[in-house]
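Structural characterization, general
Chain residues, written in single-letter form:
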Amino acid sequence: MTTLRGAHRICPLCESTCGLLVDIDGRRISRITANPRDVFSAGHSCAKGLGLGALESDPDRVRTPLLRTSGGGFRPATWDEAFDEIARRLPEFVTGDPGSCAIYHGNPGAHHLDTTFYLGELIAALGTRNIYSPASVDTWPKNLAHILLYGTGLGLSLPDIDRTEYLLILGSNPVVSNGSTVTAPGMADRLRRLRARGGTLVVVDPVRTDTAALADLHVPIRPGTDALFLFGVLSVIATEHATRPDRIPEQVRGVAEVLELAGEFPPEVVGLACGIEPDLVRRVARGFAAADAAVAHSRMGSCMQEFGTLANWLVEVVTVVTGNLDRPGGAMFALPPAGGPNTWPISTVRPMVGRWRSRVRGLPEAMGELPAVCLAEEILTPGPGRTRALLTVAGNPARSLPNTGRVEKALQELEFMVSVDCYINETTRHADVILPPPPLATRGHHDVTLAHFQIRNVARYTPPLIDLADGELAEWQILLRLAAIAKGETHRTTEELDDDIAAIAARRAAKLAGADPDRVFAATGDRRGPERLLDLRLRSGPYGDRFGSEPGGLTLALLEADPDGIDYGPLRPRLPEVLRTPDGRIDLAPEPIVADVARLRDSLTRPVPELLLINRRQRRAMNSWLHNALPQPDDGQCALLMNPADAAGRALVDGDRVTVGSPVATVTAELRLDDALRPGVVSMPHGWGHQGPGLRTTRSAAAPGADYNALVDDTDALEPLTAAPIFNGVPVTVTRCREERTR
């Protein structure tokens with residue numbers, strides 16, 4: 001029996017990647033505390049990380065493969081039975097009708113080595129371009145802005161929070177969310193230290209969030225108007241000649257053009273549209289421009305709105321023209337230990353946007369995926385290439401995508417569906433086969449992807465805490481077995497397939513490190529699976545030992561010997577080598593974005609709906625998948641929040657059951673009054689609505705909450721540059737339900 005005390009673990013549940021210390025008795029996590037010696041998180045963890053044991057021991061978790069029965073339920077099966085059923089049914093959709101099989105992968109996969117290294121093999125084996133993920137719902141506007149400016153959608157510019165003097169946050173509540181597309185554990189303490197050293201924190205948000213409560217200035221903006229606000233800031237900077245041309249990198253062009261565009265958006269004009277005083281715009285602009293080190297950061301709220309790409313582009317523009325790009329305390333670029341798109345040599349000059357389009361609406365691909373709003377229509381619309389089979393990996397599109405009613409209808413129409421998931425949830429209840437991944441404690445952990453967002457250059461690894469039990473398969477083995485079926489190579493073992501992948505990775509690592517491929521392959525020794533691939537990436541990465549030619553350089557063995565991590569110091573300037581644009585320069589006025597400014601200008605004269613719905617974060621939740629293991633402390637956490645003035649005008653009182661209606665659907669929710677919201681704004685969390693037949697999520701189904709995503713349009717109300725759905729700023733009506741009030 002395994003007994004461990006104080007074993008190291010990096011939390012895999014959100015982008016903070018906090019270091020934990022774990023006690024294990026047998027196969028059960030008995031205690032978790034934050035690791036005070038972790039070089040990055042330094043003793044911080046949130047409720048999610050400390051609740052990791054509850055997730056592992058959740059009695060509702062699926063722990064054996066399941067096959068659908070003729071009666072519509074599920075029965076336990078062996079792994080061989082499950083893969084035999086997949087081998088019998090899947091090939092038709094891969095070889096008989098190419099493109100009729102789609103894959104949806106959820107964001108938990110971004111945290112795990114298994115999916116990071118092996119999901120691509122499965123996608124290649126399926127031979128499909130119908131690839132979807134939540135990225136097209138919540139990050140694509142930010143990714144596209146960075147692709148157009150810097151050449152890659154993964155190597156994002158980051159706010160150097162620990163050294164800045166002026167931090168402007170839009171559309172983010174990191175005190176609750178812990179941050180997103182910025183990996184900065186202990187965000188609340190970092191923000192307090194910013195103010196303690198005399199810096200300024202400004203939060204632009206329709207709600208006085210926990211983050212706004214810490215700020216020097218809260219700008220209570222109208223939802224969906226972030227781009228207008230930022231143009232107003234830029235207008236003041238231009239008019240008052242507050243740019244810093246001496247500090248603008250020589251690689252930048254287009255400064256004069258963007259400053260000229262800003263002339264159409266003076267504070268008096270944008271203030272009216274944003275619902276704020278023009279002097280607030282001036283105050284922010286002057287403070288930002290005057291600071292010796294300033295940076296803006298935007299996230300979910302800015303991405304999931306009508307002008308998401310423009311807003312995220314303007315965040316970069318304001319930072320650049322004030323001379324704060326690639327400077328300490330400004331916007332900088334991480335140097336990820338395992339390498340990545342912003343460290344590898346340029347392999348193509350063609351942007352990863354629009355290389356193919358969806359069958360039904362012709363919506364463009366980005367970063368290898370189609371917009372997730374296409375999923376339902378590609379299933380429901382007849383014709384050649386119609387999606388008839390679906391694989392889901394760690395995702396719940398029935399609650400994560402817009403217009404969930406149509407998504408569930410589409411899932412019911414599929415001819416075959418396989419889900420790699422540990423729950424029977426709103427999506428997997430429609431599957432024909434469910435393949436459960438093993439406990440998180442069986443996996444080694446290094447954040448290959450999230451290291452691109454680290455605000456400090458650190459390298460950390462924690463090994464598996466327990467071995468796989470009898471009847472468990474590692475997720476990378478599951479993915480390889482599926483890939484073998486798709487390729488018609490079921491006679492090959494996962495070990496053989498893994499060796500093939502490692503041989504390719506070794507050749508690539510050898511090229512990056514300037515080493516002999518045979519020596520590189522041999523250098524990984526007896527390692528197999530994700531650890532072997534990780535070692536190859538680390539040793540050929542920016543801190544690597546180059547397979548012996550750089551003694552003392554980074555290896556997986558070095559990280560194993562130092563479980564608290566290795567600190568390579570603060571972010572450092574990386575221009576121009578970080579750029580991946582075709583000409584190696586930064587075009588501050590890319591044509592697709594400049595062309596979209598006219599649409600923003602037209603919005604200035606539109607009438608404002610009476611109520612606009614926005615999303616909100618929750619401390620114990622990570623989208624939909626933690627609601628069962630980490631239930632909310634009370635039902636009010638899922639309530640519709642409304643300003644008391646708006647409630648009074650509708651004869652509503654605290655505790656009413658209300659109907660929330662949009663052009664797409666209606667849902668019911670409990671009403672809670674909260675003066676932290678600006679008038680005209682209501683708020684609900686997304687990912688809820690845990691109801692309907694067939695669920696095996698006891699606690700979340702007992703407190704289902706309202707399905708925010710059911711209200712969101714997936715057809716007409718899309719951000720045109722990315723086809724991202726508009727989740728924030730949804731026009732809604734709110735009326736009292738006829739049934740009795742809840743309290």
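Here is what the cut-offs are and how they apply
- Residues numbered from 1 in each chain as written.
- Predicted model: local features only at pLDDT ≥ 70, side-chain atom pairs only at ≥ 80, totals over all residues.
- Heavy atoms only, no water.
- Phe/Tyr/Trp six-rings, centres within 6.5 Å; stacked < 30°, edge-to-face > 60°.
- Helix = DSSP H or I, 4+ residues; strand = E, 2+ residues; numbered from the N terminus.
- Buried < 20%, exposed > 50% of the residue type's maximum accessible area, 1.4 Å probe, protein only.
- Pairing = 2+ DSSP bridges.
- Contact = heavy atoms within 4.5 Å.
- Axes fitted to C-alpha atoms, helices over the stretch in contact; angles between N-to-C directions.
- Expected span 1.5 Å × (residues − 1).
- Core = buried A, V, L, I, M, F, W, Y, C linked by side-chain atoms within 4.5 Å.
- Parallel < 35°, antiparallel > 145°, perpendicular 65-115°, else oblique.
- Nonpolar A, V, L, I, M, F, W, Y, C, P; charged D, E, K, R; others polar.
- Left-handed = near helix turned anticlockwise from the far one by under 90°.
- 1 Å grid on protein atoms, 1.4 Å probe; cavity = no way out; pocket = protein on both sides within 12 Å on 5 of 7 lines; lining within 4 Å.
- Points joined across faces, edges and corners; volume = space filled by probe spheres on them.

Focus on the packing of aromatic side chains
For the structure shown, the criterion picks out eight aromatic pairs. When the ring of Y150 is compared with that of F333, the centres are 5.3 Å apart and the planes differ by 85 degrees; the resulting orientation is edge-to-face. Of this pair, Y150 sits in helix α7 (residues 140-150) while F333 sits in the loop between β14 (331-332) and β15 (353-357); the two residues are 183 residues apart in sequence, bridging distant segments of the chain. As far as burial versus exposure is concerned, Y150 and F333 are alike and both buried.

A closer look at the sheet that holds strand β17 (residues 389-393)
Read from one edge of the open sheet, seven strands run β5-β4-β19-β18-β17-β6-β7, paired in mixed fashion. Of all strands in the sheet, those with a lone pairing partner are β5 (74-76) and β7 (131-132), marking the two edges. Pairing analysis gives five bridges linking β17 to strand β18 (residues 416-420), with the strands arranged parallel. Residue pairing across strands places V393 opposite V420, the latter belonging to β18. Relative to strand β6 (residues 101-105), helix α5 (residues 113-126) is tilted by about 165 degrees, and along the sheet it contacts β6, β7 and β17.

Re helix α11 (residues 226-239)
In this model α11 runs 20 Å from its N-terminal to its C-terminal C-alpha over 14 residues, within 8% of the 20 Å that 1.5 Å per residue would give. Within α11, 13 of the 14 residues are buried, leaving the element largely enclosed by the surrounding structure. Two residues or fewer past α11, H241 is found with a positive phi of approximately 50 degrees.

Points about unusual backbone geometry
Of the consecutive residues L575 and P576, the connecting peptide bond is found in the cis state with omega at 0 degrees. Mapping P576 onto the fold places it in the loop between β21 (566-570) and β22 (586-587). Of note in the backbone geometry, R546 takes a positive phi value of approximately 55 degrees without being a glycine. Tracing the chain through its elements places R546 in the loop between α23 (529-539) and α24 (556-560).

Re the nonpolar core
In this structure, L168, F229, F231, W313 and L588 are the most contacted members of the largest nonpolar core, which totals 81 residues. Once residues lying within four places of it in the same chain are set aside, the contact partners of W313 are A145, L149, F231, V258, L261, L588, P590 and I593. Core analysis: the next-biggest nonpolar cluster, separate from the first, contains 63 residues, A77, L119, A506 and Y543 among them.

Focus on the pairing of β17
On any regular strand, side chains alternate: one points to one face of the sheet, the next to the other face. Across the five residues that make up β17, a large majority, five, are buried. Along β17, one buried face is formed by A389, L391 and V393 and the opposite face, lined by L390 and T392, is buried too. Where β6 and β17 come together, five bridges link them in parallel fashion. Within β17, the position partnered with I103 by the bridge is L391.

Quick word on the packing of α5 against helix α20 (residues 475-487)
Put simply, α5 and α20 touch, their axes get as near as 8 Å, and they point 10 degrees apart. As judged from the angle between their axes, α5 and α20 are roughly parallel. On α20, the residues that touch D114, T115, Y118, L119, E121, L122, A125 and L126 of α5 are E475, W476, L479, L480, L482, A483, A486 and K487. Taken together, the residues of the contact of α5 with α20 break down into eleven nonpolar, one polar and four charged.

What about the packing of helix α13 (residues 267-274) against helix α14 (residues 278-290)?
Two numbers describe how α13 lies on α14: the axes approach to 8 Å, and their chain directions differ by 115 degrees. Between α13 and α14, the interaxial angle falls into the category roughly perpendicular. The hand of the α13/α14 crossing is right-handed. The segment α13 lies against α14, with P267, E268 and V270 engaging P278, V281 and R282. In the contact of α13 with α14, the residues fall into four nonpolar, no polar and two charged.

A word on the layout of surface pockets
In this structure, the second largest pocket occupies an estimated 610 Å³ of space. Taken together, 30 residues line the second largest pocket, and the ones lying closest to its centre are E306, R606, P609, L612 and G729. When residues of the lining of the second largest pocket are traced back to their parent elements, those giving at least two are α13 and β30 (730-731). Grouping the amino acids of the lining of the second largest pocket by side-chain chemistry returns 19 nonpolar, seven polar and four charged.

Note that every value here comes from positions in space, so none of it alone points to a role or purpose.
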